[in-house]
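A closer look at the structure
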Amino acid sequence: MSKRKKCTVCDKALAACICQHITKIDSAIELIILQHPSEVKNAIGTARILNLSLPQCQIIIGEDFTGNAQLNDRLNDPTKQCFLLYPSEDSIAAETLAGNENLDVDNGALDTHINRTFILLDGTWRKAFKMYQSSVNLQSIPAVRLNAQQQSQYTIRQTSIEGGLSTVEAGFLLLSTLDQDKHKYQPLLTAFEYMINFQIAQMPEGLFNKNYK
Ligand SMILES: [Zn+2]
């Protein structure tokens, strides 16, 4: 395979660089994206859009995060309350957290010293399931789910993957629900659409596989 030159900022091939389509969004919500190793080299991976657009978004690569010091530091930080975006049985609806900036879900009290961090799993549905199953530390933090109806509005769009949303779409829905502001986060989708349209234009008709996350 030939080594293609990459943009050092967005890590895409130079011709596919998305940097000029990225808009910095002034969001106070902290995101941690746990990226499956199989997504790292995915040319159409979308986690990078969140990472480049949001001031407080970091990516950690791995599969089993049980002993991941970087993640565990955050989970054990008493000034942070962490939530995992994952549709487990006992997950809470993202809407219930909207506007309650500092709601401590354990005791229902408002605590102004607690910042909320949301953890997203970046991988196919199957890989995300595996990450969740193997990462014991992720199973003990509250899980948050997106609104199913809103989610289906997005999955009918041409840009959506089979059986779920791309990571940037999930991030958009989560953040816009929490902040109750779709307009603010719209640039995430604009960058995403540019990236997808570029990829479609690169491929012979019918060959675009919906393998992006
Ligand atoms: Zn770039």
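First, a word on scope: everything that follows refers to the structure included in this document. (Residues numbered from 1 in each chain as written. Predicted model: local features only at pLDDT ≥ 70, side-chain atom pairs only at ≥ 80, totals over all residues. Heavy atoms only, no water.)

**Comments concerning the overall build of the chain**
Within the chain, the regular secondary structure consists of seven helices and six strands. Start at the N end of the chain and walk to the C end: the helices and strands fall as β-α-β-α-β-β-β-α-α-β-α-α-α. For the chain, the residues scored as buried account for 49% of the 213 residues in total. In the chain, once contacts between residues fewer than 6 apart in sequence are set aside, the share between residues at least 24 apart is 73%. For the chain, the accessible area works out to roughly 11300 Å², and carbon and sulfur atoms hold 50% of it. (Helix = DSSP H or I, 4+ residues; strand = E, 2+ residues; numbered from the N terminus. Buried < 20%, exposed > 50% of the residue type's maximum accessible area, 1.4 Å probe, protein only. Contact = heavy atoms within 4.5 Å. Areas by Shrake-Rupley, 256 points an atom, 1.4 Å probe, with all protein chains shown as cover.)

**Notes on the coordination of the zinc ion**
The zinc ion binds to the protein through Cys7 (SG), Cys10 (SG), Cys17 (SG) and Cys19 (SG), with metal-donor distances spanning 2.3 to 2.4 Å. Between the four donor atoms coordinating the zinc ion, the angles at the centre fall across 104 to 114°, so the site counts as tetrahedral. Sequence spacing among the residues donating to the zinc ion works out to C-x2-C-x6-C-x1-C. A residue is classified by how much of its surface remains accessible, and Cys10, at 1% relative accessible area, is buried. (Donors = N, O, S within 2.8 Å, 3.2 Å for Na, K, Ca; no water. Tetrahedral: all angles 85-135°; square planar, octahedral: opposite > 155°, others 65-115°.)

**Digging into the packing of aromatic side chains**
Aromatic ring pairs are described here by two measures, namely the spacing of the ring centres and the angle between the planes. Within this structure, the stated rule accounts for four aromatic pairs. Ring geometry for Trp125 and Phe129: centres 5.7 Å apart, planes at 5°, overall stacked. Taken together, the positions of Trp125 and Phe129, both in helix 3 (residues 125-134) and four residues apart, correspond to about one turn of that helix. Judged by its relative accessible area of 63%, Trp125 falls in the exposed class. (Phe/Tyr/Trp six-rings, centres within 6.5 Å; stacked < 30°, edge-to-face > 60°.)

**Regarding the side chain of Asn137**
For Asn137, the position within the fold is in helix 4 (residues 136-139). Judged by relative accessible area, Asn137 falls into the buried class, the value being 11%. In terms of polar contacts, Asn137 uses its side chain to reach the backbone carbonyl oxygen of Phe65, at 2.8 Å. Residues contacting Asn137, with those up to four places away along its chain left out, are Phe65, Thr66, Leu71, Asn72 and Leu75. (Polar contact = N/O pair within 3.5 Å; in protein donor to acceptor, adjacent residues only side chain to side chain.)

**Details of the side chain of Arg116**
Relative to the helices and strands, Arg116 is located in strand 5 (residues 115-122). One polar contact links the side chain of Arg116 to the main-chain carbonyl oxygen of Leu97, over a distance of 3.2 Å.

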